[in-house]
Amino acid sequence: MKKFSNFSLKQKLASVFFAAGIVPIILSLTIIVCIFKKATMDESSDAIQLQFTSLNTSFSNYINSIDSVLKSFVSDEAIEKILEDDSRKNLSLFLDSENEILQHKADIAFYSARGKCIYSSAKRYYLYSMLPEDLLTTWGILRSARNKIGNTWQACTQTNRDNYAFQSAIAIRKNAEIIGYAVISVTNENLSSLFEGKINSNSSIIIADQTWNTAFDSGDNEKTIQFFKDQFFYDLAVRSNQTDSIYFIQKNEKSGFYFIMKKKLPVTYSATKFFVAAIIITVIISLALFAISAQIISKNIFEPIKKLNDAMILVENGNLDIELKTRRIDELGQLTGRFNRTVKKLKKYMGEVLNRQKELNDTQIQMMQAQLNPHFLYNTLDTIKWIAKINKINTIATITTDLADILRFSISGDNLIPLEEELNLLEHYVEIQKIRFPDKFELVTQVEDGVRDFKIPKLMLQPLVENSIIHGFEEVNQGKITVKAEEIANSVVITVTDDGKGISQEAINSVQSGKRNSGKAHLGLHNVDAILRLHFGSECGLSFIPMKTRGTCIRIILPRKK
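So, here is what we can say about the structure in this document. (Residues numbered from 1 in each chain as written. Predicted model: local features only at pLDDT ≥ 70, side-chain atom pairs only at ≥ 80, totals over all residues. Heavy atoms only, no water.)

1. Considerations on the pattern of salt bridges
Using the criterion set out here, one finds 10 salt bridges in the structure. In this structure, the salt-bridge partner of R452 is E420, at a minimum N-O distance of 2.7 Å. Taken together, the residues R452 in the loop between strand 12 (441–447) and strand 13 (455–457) and E420 in helix 11 (residues 419–436) connect sequence positions 32 residues apart. The partner of E486 in a salt bridge is K484, with the nearest N and O atoms 4.0 Å apart. Judged by relative accessible area, K484 falls into the partly exposed class, the value being 34%. By sharing partners, the salt bridges in this structure join D67, K71 and K254 into a single network. (Salt bridge = Lys/Arg side-chain N within 4 Å of Asp/Glu carboxyl O. Helix = DSSP H or I, 4+ residues; strand = E, 2+ residues; numbered from the N terminus. Buried < 20%, exposed > 50% of the residue type's maximum accessible area, 1.4 Å probe, protein only.)

Okay, structure coming up:
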């Protein structure tokens, strides 16, 4: 992935717009969905599961306590004796002293074998006391207890509820003969007290029998019971899209009752769907507006900037004839106008610079060549002077002739001459030096025919040969100078080699750095190096090749051009 700094301006602006507009919406949607999931909670929620477990445990313990009390009556001989004697007073005293476990938790009643209520902790006779005697044990809870060994459970219907939620009864037998019944009746207040402090406004408790008849309801849950009558979910959490609630159900095996906890969701499904739909529509509208804005910005900003950038690239590559057309009067139009004016000024300035550089180069070349001529002329005239004083021989004529040829070439108007003419000029110079230094050196030229017409700056070889004669052979009796010219890889390579004492590293560094020493030593090398760089480029100066033995080797590599 590209770094943000490597993006184009258009990509950067698009990224910023997207990050500032779309990303917050998507992020908000994600956060809201997460909050919704956490708020609604599912069946795996530890908090709801813990609440349900606590409530269900309380209910189970309550059922177990009722079951234990009823079973204790069956095996109690005192109860049997009291029922046989039909002694209500003795039964009341016995229950007050022996069975306080269910005080304020449920009502206890005892019935005779015929169904007559002989005792009730509720201080009132139960409904059965008002029925004809032949019906007392043929219906309701007593009928269920008569036909079952052990205790039986039954929810109280709306017609016989009388504020009771459910009842549990057991038939007390002696020698397989029923001598009475024990009935425990649980009121709605008893169950409300049992669950008090464990449920809140978002929770409710429902207790139903095996046929889904409601025994207890802490809220208005008629629709809930109907929902479960239509379903068959047991011992698991159920979520209802119709009621926007989640339910936990557990069947109590002793009583057969279903214990149900209903938990209302803080956010309804319909509201959630509407909210999500609104967010999706907002995102789509934002994307559409972003696309339209991007097109407008691209047309009015990025395209002119791109044209301006392309024009700058052309100018950078040397095209100064470029001119942008614009009718805009805003900042981009002003910038385009300044660009056009800058290019025109740059073109004019570059022309002036080129002309001045050309004039400067011609002046520098003329000055350096003018420095070569008096230097050589001084040495030559000095030689003539000493020969004239000592010998007065015919060699003066030769020297004078050679000197005239050299002077004629030096004052000619051409700065570049063929290599062939430079070699002829070098021969005149060497002939004069041989008269001055007889048997001191030997000159050998090795020049390919293909490079003889190659043009080089005039008087270029003479300072190199002079350096070998004056400095290289200063402490040598006899030496050899070799001038070699050949074509290698479309370049002309000229080498001047001598077997003299060699040139110092300090002098080499001075020439290659372009800094002249205060004296006149190697002045010719400095001038030749400068002239070559001005004519052929900064990479075409003098290069010094290390020698295996003594001596100096100077190499010149010049590009071959027409």
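Text resumes after the structure shown.
2. As for the side chain of T152
Within the secondary structure, T152 is located in strand 3 (residues 152–155). By relative accessible area, which is 9% here, T152 ends up buried. In this structure T152 touches I141, S144, A145, Q167, S168 and A169, once residues within four positions along its chain are discounted. (Contact = heavy atoms within 4.5 Å.)

3. Describing the nonpolar core
In terms of nonpolar packing, the biggest core is built from 44 residues, with L419, L461, I494 and L542 touching the most fellow members. Top element by residues in this core is helix 11. It accounts for 7 residues. If you look at the next biggest cluster of nonpolar residues, it comprises 38 residues, including F52, W153, I170 and F195. (Core = buried A, V, L, I, M, F, W, Y, C linked by side-chain atoms within 4.5 Å.)

4. What to know about helix 6 (residues 188–195)
Residues of helix 6 that are buried include every one of N188, N190, L191 and F195, and no others. Buried positions in helix 6, seen along its axis, are confined to an arc of 160° and lie on one side of it. In the stretch just after helix 6, G197 is the one whose phi turns positive, near 85°. (Arc of directions from axis to C-beta.)

5. What to know about the sheet that holds strand 15 (residues 491–498)
Within the open sheet, the 5 strands sit side by side as 12-14-15-17-16. Their pairing is mixed. Edge positions in the sheet fall to strand 12 and strand 16 (543–544), since each of these pairs with one other strand and no more. Looking at chain direction, strand 12 and strand 14 (residues 479–488) are connected through 7 bridges and run parallel. Paired with V447 across the bridge in strand 14 is A485. Contacts from helix 11 reach strand 12, strand 14 and strand 15, with the element oriented near 170° to strand 12. The strands touched by helix 12 (residues 461–472) are strand 12, strand 14, strand 15 and strand 17 (552–559); relative to strand 14, the strand with the most contacts, the crossing angle is about 150°. (Pairing = 2+ DSSP bridges. Axes fitted to C-alpha atoms, helices over the stretch in contact; angles between N-to-C directions.)

6. Remarks on the packing of aromatic side chains
Counted under the stated rule, the structure contains 10 aromatic pairs. Measuring from centroid to centroid gives 6.3 Å for W153 and F257, while their planes differ by 80°, and the two rings are edge-to-face. Separated by 104 residues along the polypeptide, W153 in strand 3 and F257 in the loop between strand 9 (245–251) and strand 10 (258–264) bring together distant segments of the chain. With a relative accessible area of 9%, W153 lands in the buried category. Summarising the aromatic geometry, the rings of F454 and F536 are spaced 6.5 Å apart at their centres and angled 25° between planes, so their arrangement reads as stacked. Remark: F536 occurs in helix 14 (residues 523–536) and F454 occurs in the loop between strand 12 and strand 13; sequence separation between them is 82 residues. Both residues of the pair, F454 and F536, count as buried. Each member of the aromatic cluster is reached from another via a ring pair, and the members are F52, F59, F195, F216, F248 and F259. (Phe/Tyr/Trp six-rings, centres within 6.5 Å; stacked < 30°, edge-to-face > 60°.)

7. Some words on the sheet that holds strand 5 (residues 177–187)
The sheet built from 5 strands is open, its strands ordered 2-1-5-4-3 with antiparallel pairing. Both edges of this open sheet fall to strand 2 (117–120) and strand 3, since each of them pairs with a single strand only. Averaged over all adjacent pairs, the angle separating strand axes in this sheet is 20°, with direction ignored. Pairing of strand 4 (residues 164–174) with strand 5, which is carried by 10 bridges, proceeds in the antiparallel orientation. Residue pairing in the sheet places S168 in a bridge with I184 of strand 5. Helix-sheet contacts for helix 6 involve strand 4 and strand 5, and the interaxial angle to strand 5 is about 55°.

8. A word on the pairing of strand 9
The buried fraction of strand 9 amounts to 5 of the 7 residues, a majority that puts the element mostly inside the structure. Strand direction decides the pairing type here: strand 9 and strand 10, joined by 7 bridges, are antiparallel. Bridge pairing links S245 to K264 in strand 10. Joining the antiparallel neighbours strand 9 and strand 10 is a turn of 6 residues, in which G256 adopts a positive phi near 80°.

9. A look at the packing of helix 11 against helix 12
Packed helix pairs are specified by the crossing angle of their axes together with the interaxial distance, meaning the distance between the axes. Across the interface, helix 11 lies against helix 12 with an axial gap of 9 Å and an inter-helix angle of 25°. Comparing their axes, helix 12 and helix 11 come out roughly parallel. Here the hand of the crossing between helix 11 and helix 12 comes out right-handed. Note on element contacts: helix 12 touches helix 11 through L461, Q462, V465, E466, I469 and I470, opposite L419, E422, L423, L426, Y429, V430, Q433 and R436. Counted by class, the contact of helix 11 with helix 12 contains 9 nonpolar, 2 polar and 3 charged residues. (Parallel < 35°, antiparallel > 145°, perpendicular 65-115°, else oblique. Left-handed = near helix turned anticlockwise from the far one by under 90°. Nonpolar A, V, L, I, M, F, W, Y, C, P; charged D, E, K, R; others polar.)

10. Examining the environment of L459
Here L459 shows up in the loop between strand 13 and helix 12. Distance in space between the C-alpha atoms of L459 and L426 is 8.0 Å, their sequence separation being 33 residues.

11. Digging into helix 11
With 18 residues, helix 11 ought to run about 26 Å at 1.5 Å a step, and its terminal C-alpha atoms sit 26 Å apart, in line with that. Considered for burial, the residues of helix 11 that qualify are L419, E422, L423, L425, L426, Y429, V430, I432 and Q433. (Expected span 1.5 Å × (residues − 1).)

12. Points about a nonpolar patch on the surface
The grouping of I281, I285, L289, I292 and I296 at the surface amounts to a nonpolar patch, some 480 Å² of accessible area in total. Relative to the assigned elements, L289 resides in helix 8 (residues 269–316). For L289, a relative accessible area of 52% translates into the label exposed. (Patch = residues over 30% accessible without salt bridge, like charges linked within 9 Å, V, L, I, M, F, W, Y side chains within 5 Å. Areas by Shrake-Rupley, 256 points an atom, 1.4 Å probe, with all protein chains shown as cover.)

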